[in-house]
Amino acid sequence: MIRNYTASADNTIVNTFKENLSTRATGSNAGRADILEVYSVYGRQTTSSQELSRVLVKFPIDQIASDRTSGKLPASGSVNFYLNLYDAETSKTVPNNMRLVVNPLFNDWQEGVGLDLEGYRDLTKGSEGSNWMSASATASWNSVSGGGDFLSSSADYRAEQLFTNGFENLNVDITPMVERWIRGADGGGVANYGMGIKLTSSQEAKGF
């Protein structure tokens with residue numbers, strides 16, 4: 001049996017430079033954009049400048065837990081959960097041999113209503129929505145440098161996939177994460193704040 005669940009919130013957050021190559025778009029939001037982007041741009045402003053994009057995604061764990069309680073889903077240990085995100089075809093150059101890492105987040109965040117993933121003109125400016133520096137209109141990320149707050153202290157909190165040619169779909173087993181979300185913080189698991197998707201730390205630090 002296969003049961004599909006659609007994300008309840010998603011966003012792309014960036015620290016990339018705007019067209020003037022002097023101002024970073026860390027306040028931009030793309031919660032209503034029709035695609036999600038993960039990238040690393042190295043050496044565009046200076047020989048050592050770095051620009052990053054990461055993805056935030058959240059799924060309706062309450063619905064998943066309810067389906068288990070009602071018998072629509074098997075018990076823990078008898079079912080696997082997979083994250084599936086699909087490549088958006090492009091004529092532009094894409095990286096090869098890249099690795100994407102999926103980690104749960106340990107802070108809640110807002111999706112927002114921004115659309116612009118080209119000029120990064122949709123700024124939250126204290127309004128609803130997450131961005132590189134802020135999780136919401138009222139809360140910053142714990143990380144001083146921004147970019148989301150990732151749980152990575154356990155193998156249960158990590159899934160990874162190699163993209164050999166850059167055009168593959170993302171398909172990773174996230175069963176341990178989902179089971180911890182279903183249990184919740186009061187049941188020995190963790191609160192469902194969704195997940196972050198990014199390049200490995202070594203690949204974020206260099207160009208391809």
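Everything discussed here concerns the structure shown above.
Predicted model only: the values in this text are computed from it and were never measured.

Conventions adopted
Residues numbered from 1 in each chain as written. Predicted model: local features only at pLDDT ≥ 70, side-chain atom pairs only at ≥ 80, totals over all residues. Heavy atoms only, no water. Helix = DSSP H or I, 4+ residues; strand = E, 2+ residues; numbered from the N terminus. Buried < 20%, exposed > 50% of the residue type's maximum accessible area, 1.4 Å probe, protein only. Contact = heavy atoms within 4.5 Å. Salt bridge = Lys/Arg side-chain N within 4 Å of Asp/Glu carboxyl O. Polar contact = N/O pair within 3.5 Å; in protein donor to acceptor, adjacent residues only side chain to side chain. Phe/Tyr/Trp six-rings, centres within 6.5 Å; stacked < 30°, edge-to-face > 60°. Lys NZ or Arg CZ within 6 Å of the ring centre and 35° of its normal.

**Remarks on unusual backbone geometry**
Note: most residues except glycine have negative phi, and most peptide bonds are trans.
Consideration 1: Look at asparagine 97: it is not a glycine, yet its phi comes out positive at around 55°.
Consideration 2: Counting through the fold element by element, asparagine 97 comes out in the loop between strand E4 (82-85) and strand E5 (98-104).
Consideration 3: Overall, asparagine 97 belongs to the partly exposed group, its relative accessible area being 44%.
Consideration 4: Phi at tyrosine 120 is positive, roughly 55°, even though this residue is not glycine.
Consideration 5: One can find tyrosine 120 in the loop between E5 and strand E6 (159-163).
Consideration 6: Tyrosine 120 gets classed as buried once you look at its relative accessible area, which sits at 7%.

**What about helix H2 (residues 175-183)?**
Consideration 1: Of the residues making up H2, those classed as buried are Thr175, Met177, Val178, Glu179, Arg180 and Trp181.
Consideration 2: Buried residues belonging to H2 abut helix H1 (61-69), E5, E6, strand E7 (170-173) and strand E8 (195-199).
Consideration 3: Looking one or two places after H2, you find glycine 184, whose phi comes out positive at around 75°.

**Focus: the pattern of salt bridges**
Consideration 1: Tallying each qualifying case throughout the model produces eight salt bridges.
Consideration 2: Residue lysine 58 pairs with aspartate 108 through a salt bridge whose shortest N-O separation is 2.7 Å. Of this pair, lysine 58 sits in strand E3 (residues 50-58) while aspartate 108 sits in the loop between E5 and E6, placing them 50 residues apart in sequence.
Consideration 3: Residue arginine 158 pairs with glutamate 160 through a salt bridge whose shortest N-O separation is 2.6 Å.
Consideration 4: Note on arginine 158: relative accessible area 44%, which makes it partly exposed.
Consideration 5: Among the residues examined, glutamate 160 registers a relative accessible area of 32% and is labelled partly exposed.
Consideration 6: A network of salt bridges, in which partner residues are shared, links Arg99, Arg158 and Glu160.

**Looking at the side chain of arginine 180**
Consideration 1: Note on placement: arginine 180 falls in helix H2.
Consideration 2: Leave out the neighbours within four places in its chain, and arginine 180 touches Ser154, Asp156, Tyr157, Gly189 and Val190.

**Remarks on the environment of serine 40**
Consideration 1: Note on placement: serine 40 falls in strand E2 (residues 39-42).
Consideration 2: Of the residues examined, serine 40 reaches a relative accessible area of 12% and is grouped as buried.
Consideration 3: Within the structure, the side chain of serine 40 is placed 3.2 Å from the backbone oxygen of glutamate 204, a separation counted as a polar contact.

**Describing the packing of aromatic side chains**
Consideration 1: Evaluation of the coordinates by the stated rule reveals zero aromatic pairs.
Consideration 2: The ring of tryptophan 109 has lysine 58 sitting right over it, with the charged end atom 5.4 Å from the ring centre.
Consideration 3: Sitting above the plane of the phenylalanine 150 ring, lysine 198 keeps its charged end 4.1 Å from the centroid.

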